[in-house]
Structures are given as C-alpha cells and as structure tokens.
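Understanding the architecture of this molecule
This is what each chain is made of:
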Amino acid sequence: MKTPPQDPPKAPPPEADFDKTVRPYEGPAGGWGALRAVAGAIRGQMAVPRSMEALHRVNQPVGFDCPGCAWPDPSHTSSFEFCENGAKAVTWEATSRRTTPDFFARHTLSELWQWNDHDLENEGRLTHPMVYDPAQDKYLPILWEEAAERIGDALRALPDPTMAEFYTSGRASNEAAFLYQLFVREYGCNNFPDCSNMCHEATSVGLPESIGVGKGTVTLEDFEHADAVFCIGHNPGTNHPRMLGTLREVSLRGAPIVVINPMPERGLERFVSPQDPAEMLTGHAVRIASTYFKPRIGGDLAVLKGMMKWLLEADAADLAKGGEGLLDRAFIAEHTRGFEALAADLRASDWDGIERHSGLSRDDIAGAASIYARAERVIVCYGMGITQHRHGTENVQQLANLLLLRGNIGRPGAGICPLRGHSNVQGDRTVGITEKPSAALLDGIRRTYGFEPPAAHGHDAVAAVQAIAEGRSKALLCLGGNLAVAMSDPQATFPAMRKLDLAVHIATKLNRSHLIPARQAFLLPCLGRTELDVQAGGPQSVTVEDSMSMVHASQGRLKPASEHLRSEPAIVALLARATLPDSKVDWEEMVEDYDRIRADIEAVFPIFAGYNDRVREPGGFRLDNAASRRHWNTADGKAHFLLARGLDEDPAAADGLLRLATVRSHDQYNTTIYGMNDRYRGIHGRRDVVFVNPDDLAERGLKEGDRIDVQACDPLGAANGRSVRGYVAVAFAISRGSVAMYYPEGNGLLALDDRDPRSGTPGYKSVPVRLSASAPQAAGEG
Ligand SMILES: Nc1nc2c(c(=O)[nH]1)N[C@H]1C(S)=C(S)[C@@H](COP(=O)(O)OP(=O)(O)OC[C@H]3O[C@@H](n4cnc5c(=O)[nH]c(N)nc54)[C@H](O)[C@@H]3O)O[C@H]1N2
Ligand SMILES: Nc1nc2c(c(=O)[nH]1)N[C@H]1C(S)=C(S)[C@@H](COP(=O)(O)OP(=O)(O)OC[C@H]3O[C@@H](n4cnc5c(=O)[nH]c(N)nc54)[C@H](O)[C@@H]3O)O[C@H]1N2
Ligand SMILES: [Mo]
C-alpha cells in the first residue's frame, strides 16, 4: 500500500494571464449575472430535468428546505424565491453524476488525494456503502448490514466509549440529529464535535450569559419595523442571498442600513432583485448600505466600545441640556445588571486606542453610533466576521451590550440576529447535539428512555481532533461534513486522523475527509434534502430550524440518486442497533414513521409541545425564545452587560504585521467548491489569491499580480513556521492592515490552539501575518 502524502492540498494551478483572471466587477449583486450563473450550474451538473424539478420545490409549503443557508422564508409559503446560491446548492445535490463502486475500483485513495476539492465532489453522488481495503488502498462495496455489524463491533471493542468522537455537520435534520445524540448517549459519551464549534459557538456561549438564550431574538417580521439595521461581519450576497430581499425592503422603506466590514462586499452595496421584473429590465439597482464602514480585521471590539463610549458621552451631554438622555434607563434598571461596570470600562477606554485598534476615525464611529441612537428600533445582524476571532465570545457580548443600552432586545423591530451557517445547524443544537448536556436534557432522556445518560462533558471539534492526535480517541463517526478540511491546522489534523482505528462517514458526496482512511473505514451514502424518503410508514418528511427559531417540515420528491441510499435517521438507527444490542430504544419503530421521532423529541424537550401538529401548519411554528419576551434565563433572571478585556485580541500591532481573515468565495459552500470564480470580487478561474490594500502592498515594495508568501505569526509578530507560498496579490479596497484569502486554502496558517478560549472557535479571521515577495522554494519543500 502506498502511503498517501500528508501535506495539505495544494491550490489549483494558477492561470497564466493575471488580467484575464482578476477583473474588477462593476455590476450590482443579483441581476442577470445571477440567472446566468444558475443556468451554468444546472448545465454543469448535467441535471436539467432533476434540477428544474427540484428548484420548483425549494422552500415551498410542501417542498424541501433549501440546504443553502439558514435564512428564513416569508412564512415558507411564498412562490419560488430566486436565489443563485440556493440553486447551486440544490443542483449540486440533484446532479446526475454518480460516484459508483466502479469509480472506486479505478482509483486508489492515494491517487484521489492528489485531486482538488472541487473535482472530488464533482464526481457526483455516492451510490453504495463502501469499506476501505488497505491492501489495495481502495474503497470496495459492502452490504449495509455487514458494515453496521463491523462498525458496532469496533465501537464495542473500544476500552471506553469516550474514546470515540461523533461529529455532526449542520445539514442533518432534527430527526437525524436527535437519533444520533440518543445513540451516542446510550453508547456512553458526550463527544459531540460539531460544525457549529467552528462557526457560531461564540454565540452559543456568549449570548446565554448576556440574555439567557444562545440564539437570535428577531423574526423576519421585525425587519419590517426596524428603524435601522446593522450588518456586521457577514456577506449575505454570497452566503445568505435571500437576506438581500429583506435588506432591499428595509432600504426601500428608507431605514438606514449600516455595514461594518473590512471588505467591500457587493451584495451589501447594491442589488438588483431577480424577483423584480422592473429592476431586471432597467438594471436599476437598489442601494443596500446607507453607510459602509471598513474597520481593520479584528477591529470590531474597538468599534463597538467606541460606539458605546460615544453613546454614553452623548447621553451625558443630552442630560446636561435637560434632555431625557439616549439610554433606555427604565429598561436598564428593570431588566439588566452590570451597567456601572460597563460604563467604567468605557470611560477607561481612550479614543486614541479605539481609533488605532478599530482602524476607524472617531468621526466614523460617532457617525455609526448616532445612527444607532437616532433609531427607535434597531436590529444587529452578524456572522463569521464577529465570531471567528480569538475574542469571538467577547465580540458577541459587546453586540448585546450595545443593544441593551437602548432596550433593543425583546420588542418589535429590534433585536439581535446571528446569521447561522448550515440550514439546520441551530436545530441540531436544540435537539441535543452538545458536548455539555444540561441537566434538563439528561432528565429528559432518563425520563423518556429509562437509561442513565453520561453527564461528564465531552469534546468539541478542536478537543476531538486533539484527542485523536494524542491517541486518546480511536474512532470518528461523521454525520455529514468534511471535518478534516474544515478544521484549522491540516498539518496536525490530517496525520492525526490517519491514526484512527475506525472512521465512518455518512455523506452524499466524496470529500477529502473520506480519503483519510483509518484501520477500518466506511463510507455510508445517504439521501439528500431533495430526495423522496420512504420508510415502512410511507413517505417521510423531516424538520429543520432556521436562524429565527422557525421550525418547519421539509419533504424531498426526487427519485433517490441510487436505490442503495438510506436516510440519515435510518442509518443512525441501523448503527445504533448494531452497536447496542440491549438498547432501551425501539430504533426500528422510530424510523418507520418519523412522527414517532418527533413525539420523542417533544417528550425529551418540552419546548416542542404539539410538535407533530404544529409542524403541519403552513410555515411551521416558532420555538419559544424567552429573550424575545424579555424573560431572561440567566442565573439571576436579568440581562447582563458583560465586560471584554482591552480593545483587541492582540496586545499591540507589531511593525508590519497584518491581520488575515479566511472567507468564502461566491462559488463555494464551505469545503464544497462549486467552481473557481468569485464574481463579485472580480476573481475568475482561480482561488490562489490574497486580497491586500494597495497601500499595504506598496509599503512592502509589492504590486498587484506579484507572487507573494503569507507567513503566519504569533500576536507579537514572530513567525511561527506556518505559511502559504506563491499566492497572487490582488490589490483590493479592503481596510488597511487587513488581508483576506479563501477558506480552506488558508487553514494551514492556524494551529489548533489558535482559538477563542471561551468558545473554542478557531480564530479563522484573526491570523497575524506578514507578506513578502515569494521566495523560491527549497528542494523538497512545498
Ligand atoms: N453560498 C454559501 N452560503 C453559505 C456558506 C457558503 O460557504 N456558501 N456557508 C454557510 C455557513 S456554514 C456559514 S457559517 C455562513 C457564513 O457566512 P458569513 O458569515 O457571511 O461568512 P464568511 O464568508 O466567512 O465571511 C463573512 C464576512 O466577514 C467579513 N470579515 C472578516 N473579518 C472581519 C472582521 O474582523 N470584522 C468584521 N466586521 N467583518 C469581518 C468578511 O469581509 C466577509 O464579508 O454562510 C452559510 N451560507
Ligand atoms: N479557514 C476557515 N475554516 C472554516 C471556516 C472559515 O470561515 N474559515 N468556516 C467554518 C464553518 S462556519 C463551518 S460551518 C465549517 C463547515 O464544516 P462542515 O460542515 O464539516 O463542512 P461542509 O463543507 O459543509 O461539508 C460538506 C460535505 O457534507 C456532505 N453533505 C452534504 N450534504 C449532506 C447531507 O444532506 N447529508 C450528509 N450526511 N452529508 C452531506 C458532503 O459529503 C460534503 O462533502 O467549516 C469551518 N472552517
Ligand atoms: Mo458555519
């Protein structure tokens, strides 16, 4: 057997002609470009009839939930809402291409390792359960029952159930995720690494301390009543395109939209709605941001403290003049704790430091804060630009502070709106995917099933990989996703995973994580969202929860990509039965009819009362969100102003040090690379680019088009040996001191430990780096 190489995947070869591949995009977001992109995506997947049939049913009352993002639909009852990147997600799944046993017979894993991430998934849908044969270095077909038996044997053979890791990616339905956590807890551990640990964990950890709930507090309707909307650190034109429809309405109503983002993102600037015939015909774009502030990457803490400091100063000035002040004093007195400490912290933060660390002028910050203060009702939306920092939890809590100062939580038109990532990442957490089970969850399981679930905390995503690297964990099961590639530090993650005794991947398409075989490795193909799921009790639907706590049903209609596919709930039940011969759970009965799974979810989690009835109502139902009612589920029943240390995650910027964020291109879904373009940022046919401010390039004697090396440093500026070499510099209107490149290409710049200590979220958007002209690579390197 050949030993596969262990270095991270290389960027695809760059095109020779820089001018052909990097051309500024002048148009708006949306418009005809979006329609053309969809047509291209459908053709590319050779799936015209399947895709059209599928697209027809996206987010319909009796259709399936779009796997593209977690933005809610207007009551899930509207006519087809056009969304370019939703369409790409759907056609990518509904493709006519197949990755068959014949394909695996032709390629060893070592050979496939050399393919790029796009080409691997582009082979199409997995069709058969497969098992790894080390002698040939290939996957071979295996029968479902045999695979399950061997997996069950391997899990039972572990000396301790806490030596296995059970990963979840956020596409899994509530039903699949609930069965999964039940299986794992009856097996005996709480090791639930989850994609959300790399994503919104700062929200899940930060917000409960602030407002008693780790979720957003707004509904879609609140956007109709907001007097101002702040968009901080997210890129909806690419990652939540249906949100542009909502922001467009806000803008047309004349309410200001304030963007705080180091990069100019076209979707946040102007938008032609493909839903609007007049806009499409005239090309007349709607302005989205009324004001666009570009702070330094990682500057948000200073921006937010600056805004709050301005607010307190303006409040004092107003009171001195005999006004009522700018703070909601009644709300603060009745509902909160910690105001005085916050005010003292803000008084102690000096404007010089705020300007230096934020990268914004005092005037800019005052401008943002005065829009905030003038608006009666404010919504703050945020994404990975806030959470994926070494102080992500503190960032989130400062957002909550800002809102609490004017009572902007728990009333119509106001609130906090984290944009969740995967379409059901929020739901998975609600139904028990957590490494730190609450007493209520444990009670619910005990009460419903009569077994004693483990209480000891398990591993999150980084801790899981560390446990695998140190040999403390020997098995990894993945309910979807591409953990090895999504995680930071491929230099550590890839070799670690090769040491596993058992790897099991439940997946729709082939990806690099599947190419890291353990002593025993299995690839189990599952149905996707678009496909008909028939069990003994007839066709089934699953349920999901969006970013606004709306739970609704999703039912696929397409003929499954292969007759051998099974649904995720059925696969989990099969593995559970094979692993737990004395299980207290009737797995078979649950899977016959998913209503029974939902009835059990309701039994364990009283918040789902009436689940099966309520989810049958058009548009589904909203899970109770206590903070939306101004009921604070914190220890003392109050909302909390919480302090953050200093103004920055790093002590002081060392000379010449820049900060790098890894971001998504327009043609990717996380580790799924649909294509090599990033239309709105003007990139065509390549991903080996680094976006740099022209002045930062010039200061280093570099120019656009140069080949450069990106060297990661510790916060004080010392190189740490991690680098990306030979990438192409693109002069871009990103803020000074800030650099961006694509994810996952930049993941090797981070060590596993480079993360927020509070939430464990990797600092994917706060890597201190230096840039230099590309050095020729030494022999044997690279
Ligand atoms: N088409 C598509 N849709 C997706 C995904 C996808 O990959 N493709 N992924 C899904 C998932 S899992 C998630 S989590 C979401 C991600 O959605 P987003 O949160 O939009 O994700 P990113 O592309 O990582 O980057 C967000 C933005 O953060 C900005 N940014 C970077 N650093 C900073 C900073 O320090 N401060 C501020 N204020 N801004 C900063 C970047 O300029 C960028 O505009 O999208 C989901 N939807
Ligand atoms: N540098 C850097 N790294 C990051 C980020 C970043 O911004 N920068 N973002 C982080 C974030 S926010 C996230 S959420 C993670 C994402 O991490 P993951 O969720 O692990 O990754 P995905 O790329 O979404 O997973 C793609 C795979 O999911 C499988 N799949 C697709 N649909 C289904 C389905 O219906 N069922 C099943 N069982 N499998 C399916 C396919 O096999 C596909 O190859 O990455 C994180 N990593
Ligand atoms: Mo995410």
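Just so you know, these numbers come straight off a predicted model, no measurement behind them.

1. A word on the overall build of the protein
Along the backbone of the protein there are 31 helices and 31 strands. Taken over the C-alpha trace, the protein has a radius of gyration of 25 Å; the compact-globule value for 782 residues is 28 Å, and the two agree within 12%. The principal-axis extent of the C-alpha atoms belonging to the protein is close to 80 × 65 × 55 Å. Residues counted as buried form 65% of the 782 residues belonging to the protein. Nonlocal contacts in the protein, meaning residues at least 24 apart in sequence, comprise 79% of its contacts between residues at least 6 apart. For the protein, the accessible area works out to roughly 26800 Å², and carbon and sulfur atoms hold 52% of it. Positive and negative side-chain charges in the protein, numbering 83 and 101 respectively, have mean positions lying 2 Å apart.

2. A few points about the site of ligand 2
Residues in contact with ligand 2 amount to 32 residues; listed here are only the nearest, Y167, E568, T671, Y743 and N747. R171 has a polar side-chain atom sitting 3.0 Å from a nitrogen atom of ligand 2. I506 places a main-chain nitrogen or oxygen 3.0 Å from a nitrogen atom of ligand 2. About the coverage of ligand 2: the protein hides 97% of its 920 Å² of free accessible area. Elements with a minimum of two residues in the shell around ligand 2: helix 25 (483-486) and strand 16 (502-507). Of the residues belonging to the shell around ligand 2, the class tally is 13 nonpolar, 13 polar and six charged. Both domain 1 (98-196 + 424-608) and domain 3 (653-773) contribute no fewer than three residues apiece to the shell around ligand 2.

3. What about the pairing of strand 29 (residues 719-731)?
Direction of pairing for strand 27 (residues 689-692) relative to strand 29: parallel, over a ladder of four bridges. For V692, the partnering residue across the bridge sits in strand 29 and is A731. Where strand 28 (residues 707-713) lies against strand 29, five bridges are found, and the strand directions are antiparallel. By the bridge assignment, R707 is partnered in strand 29 with V728. Linking strand 28 to strand 29, which pair antiparallel, is a turn of five residues; within it G717 sits at a positive phi near 105°.

4. Some points on the site of ligand 1
Around ligand 1 lies a shell of 31 residues, among which E265, D300, R664, Q668 and N670 are the nearest. The contact in question runs from an oxygen atom of ligand 1 to an N or O atom on the side chain of E265, over 2.5 Å. Residue K765 places a side-chain N or O atom 2.8 Å away from an oxygen atom belonging to ligand 1. Expressed as a share of its isolated accessible area of 920 Å², the protein-covered part of ligand 1 is 99%. The class makeup of the residues in the shell around ligand 1 is ten nonpolar, 17 polar and four charged. Here the shell around ligand 1 gathers at least three residues from each of two domains, domain 2 (202-418) and domain 3 (653-773).

5. A short note on the packing of helix 9 (residues 174-187) against helix 29 (residues 594-604)
Direction vectors running N to C along helix 9 and helix 29 enclose 65°, while the axes themselves pass 10 Å from each other. Seen from above, helix 9 lies across helix 29 with left-handed handedness. Counting all contacts with helix 9, which are made through N174, E175, F178 and L179, the residues of helix 29 involved are Y594, I597, R598, D600, I601 and V604. Looking at the contact of helix 9 with helix 29, its residues break down into six nonpolar, one polar and three charged.

6. So, the domain arrangement of the protein
When its domains are assigned, the protein resolves into domain 1 (98-196 + 424-608), domain 2 (202-418) and domain 3 (653-773). If you average the C-alpha positions of domain 1 and of domain 2, the two centres end up 37 Å apart. Taken together, the two surfaces of domain 1 and domain 2 that pack against each other cover about 560 Å², and 51% of this comes from carbon and sulfur. Seen at the junction of domain 1 and domain 2, the total is one salt bridge. Taking the shortest distance from any N to any O, the salt bridge between K215 and E545 comes out at 2.8 Å.

7. Some points on the pattern of salt bridges
Two side chains bearing opposite charge may form a pair once their charged atoms approach each other closely. Considering all chains together, one arrives at 53 salt bridges under this definition. Among the ionic pairs, R446 bridges to E452, the shortest N-O distance being 2.9 Å. Ionic pairing is found between E649 and R659, a salt bridge with its closest N-O pair at 3.7 Å. Of this pair, E649 sits in the loop between strand 23 (639-640) and strand 24 (658-663) while R659 sits in strand 24, and the two are ten residues apart along the sequence. In this structure, E649 and R659 share a single accessibility class: buried. Among the ionic contacts, a cluster of salt bridges with common partners joins E84, K88, D667 and R679.

8. With respect to the UniProt feature "domain: Molybdopterin oxidoreductase" (unreviewed entry) in the protein
Using the residue numbers shown here, the UniProt feature "domain: Molybdopterin oxidoreductase" (unreviewed entry) corresponds to residues 125-506. Between the first and last C-alpha atoms of residues 125-506 the distance is 12 Å; the span itself is 47% helix and 14% strand.

9. What about helix 24 (residues 461-469)?
Most of helix 24 sits out of view: eight of its nine residues are buried. Buried within helix 24 are the following residues: A461, V462, A463, A464, V465, Q466, A467 and I468. For helix 24, the N-terminal capping position is held by D460, with its side-chain oxygen 3.4 Å away from the main-chain nitrogen of V462. The first or second residue beyond helix 24 is G471, which carries a positive phi of 75°.

10. A short note on the packing of aromatic side chains
Geometry of an aromatic ring pair is reported as the spacing of the ring centres plus the angle between the planes. Counted under the stated rule, the structure contains 21 aromatic pairs. Seen from their ring centres, Y611 and F621 are 6.0 Å apart, and the 75° between their planes marks the pair as edge-to-face. Taken together, the positions of Y611 in helix 30 (residues 611-614) and F621 in strand 22 (residues 621-622) put the pair ten residues apart, joining distant regions of the chain. F621 carries the same exposure label as Y611, and that label is buried. Taken together, F103, F104, W115, Y132 and Y139 form an aromatic cluster joined through their ring pairs. The ring of W113 is capped by R498, whose NZ or CZ atom sits 4.8 Å from the centre of that ring.

11. Here's the deal with the nonpolar core
Of all hydrophobic cores here, the largest spans 63 residues; its most connected members are L155, F166, F178, F183 and L524. If you look at the next biggest cluster of nonpolar residues, it comprises 59 residues, including L483, V690, A729 and Y764.

12. Concerning the layout of surface pockets
Regions of empty space are outlined by a rolling probe, equal in size to a water molecule, passed over the atoms. Taken as a whole, the largest pocket holds about 1000 Å³ of empty space. Lining of the largest pocket is provided by 37 residues; of these, G214, K215, R429, T430 and S438 occupy positions nearest its centre. Across the lining of the largest pocket, the residue classes tally to 14 nonpolar, 13 polar and ten charged. Counting only domains with at least three residues in the lining of the largest pocket, you end up with domain 1 (98-196 + 424-608) and domain 2 (202-418).

13. Let's talk about the packing of helix 24 against helix 26 (residues 490-497)
Contact geometry of helix 24 with helix 26 gives a least axis separation of 8 Å together with a crossing angle of 55°. One finds that helix 24 runs oblique with respect to helix 26. The two elements helix 24 and helix 26 meet at a crossing, and its hand is left-handed. From helix 24, V465, I468 and A469 reach across to helix 26, where they touch T493, A496 and M497. In terms of residue class, the contact of helix 24 with helix 26 is built from five nonpolar, one polar and no charged.

Criteria and cut-off values
Residues numbered from 1 in each chain as written. Chains lettered and ligands numbered in written order. Predicted model: local features only at pLDDT ≥ 70, side-chain atom pairs only at ≥ 80, totals over all residues. Heavy atoms only, no water. Helix = DSSP H or I, 4+ residues; strand = E, 2+ residues; numbered from the N terminus. Rg over C-alpha atoms; globule rule 2.2 N^0.38 Å. Buried < 20%, exposed > 50% of the residue type's maximum accessible area, 1.4 Å probe, protein only. Contact = heavy atoms within 4.5 Å. Areas by Shrake-Rupley, 256 points an atom, 1.4 Å probe, with all protein chains shown as cover. Lys, Arg positive; Asp, Glu negative; His and termini not counted. Charge placed at Lys NZ, Arg CZ, Asp CG, Glu CD. Near = heavy atom within 4 Å. Polar contact = N/O pair within 3.5 Å; in protein donor to acceptor, adjacent residues only side chain to side chain. Nonpolar A, V, L, I, M, F, W, Y, C, P; charged D, E, K, R; others polar. Domains from an automatic or database assignment. Pairing = 2+ DSSP bridges. Axes fitted to C-alpha atoms, helices over the stretch in contact; angles between N-to-C directions. Left-handed = near helix turned anticlockwise from the far one by under 90°. Buried area = accessible area lost by both parts, 1.4 Å probe. Salt bridge = Lys/Arg side-chain N within 4 Å of Asp/Glu carboxyl O. UniProt positions renumbered as here; feature names shortened; annotations may be inferred. Phe/Tyr/Trp six-rings, centres within 6.5 Å; stacked < 30°, edge-to-face > 60°. Lys NZ or Arg CZ within 6 Å of the ring centre and 35° of its normal. Core = buried A, V, L, I, M, F, W, Y, C linked by side-chain atoms within 4.5 Å. 1 Å grid on protein atoms, 1.4 Å probe; cavity = no way out; pocket = protein on both sides within 12 Å on 5 of 7 lines; lining within 4 Å. Points joined across faces, edges and corners; volume = space filled by probe spheres on them. Parallel < 35°, antiparallel > 145°, perpendicular 65-115°, else oblique.

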